[in-house]
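The primary structure of each chain is shown beneath.
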Amino acid sequence: MVLSTESAVDFDLAEFLEQEYEDAVVYGDIDGETVLHEGRVRILANGWVKLPTGRLLSPEAVHHIDTH
């Protein structure tokens, strides 16, 4: 049996699973009192939220994200 280490598909699946928003508000609680970030965000395929500074917010820290 021959196994290849190269993907049979030539595109990055993460591009289709990740979302980017230019104007969003990231909240840490249900009431919307704890704002974790305002502005551009990228939601990664694994659920983490990447900020423009390169910092990552854990999916456990984020309650919801409002996009405009």
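Residues numbered from 1 in each chain as written. Predicted model: local features only at pLDDT ≥ 70, side-chain atom pairs only at ≥ 80, totals over all residues. Heavy atoms only, no water.

J.: How should I be thinking about the pairing of strand S1 (residues 19-27) in this particular structure?
T.: Looking along a regular strand, one sees the side chains alternate between the two faces of the sheet. Where S1 lies against strand S2 (residues 35-43), 7 bridges are found, and the strand directions are antiparallel. Note that in S2 the partner of Val26 across the bridge is His37. The sheet contact formed by S1 and strand S5 (residues 64-67) spans 4 bridges and is antiparallel. Bridge pairing links Val26 to Ile65 in S5. (Pairing = 2+ DSSP bridges. Helix = DSSP H or I, 4+ residues; strand = E, 2+ residues; numbered from the N terminus.)

J.: What is the right way to look at the sheet that holds strand S3 (residues 49-50) in this model?
T.: Whenever strands of a sheet pair, they do so through backbone hydrogen bonds, lying parallel or antiparallel. As summarised here, the arrangement of the 5 strands in space is S4-S3-S2-S1-S5, forming an open sheet in which the pairing is antiparallel. A strand with exactly one partner marks an edge of an open sheet, and here the two such strands are strand S4 (56-57) and S5. Pairing of S2 with S3 involves 2 bridges; the strand directions are antiparallel. In the sheet register, Arg42 faces S3, and the bridge partner there is Lys50.

J.: Which parts of the structure should I look at to understand the pattern of salt bridges?
T.: Side-chain pairs of opposite charge can arise whenever the charged atoms involved come near each other. A full pass over the atoms with the stated rule returns 3 salt bridges. Between Glu18 and Arg42 there is a salt bridge; the shortest N-O distance is 2.8 Å. Pair noted here: Glu18 is in the loop between helix H1 (14-17) and S1 and Arg42 is in strand S2, with a separation of 24 residues, a long-range link. The class for Glu18 is partly exposed, based on a relative accessible area of 21%. A salt bridge links Arg40 to Glu20; the shortest N-O distance between them is 3.4 Å. In this pair, Arg40 is assigned in strand S2 and Glu20 in strand S1, connecting sequence segments 20 residues apart. On the basis of relative accessible area, Glu20 is assigned to the partly exposed category, the value being 42%. A cluster of three or more residues bridged by salt bridges with shared partners is formed by Glu18, Glu20, Arg40 and Arg42. (Salt bridge = Lys/Arg side-chain N within 4 Å of Asp/Glu carboxyl O. Buried < 20%, exposed > 50% of the residue type's maximum accessible area, 1.4 Å probe, protein only.)

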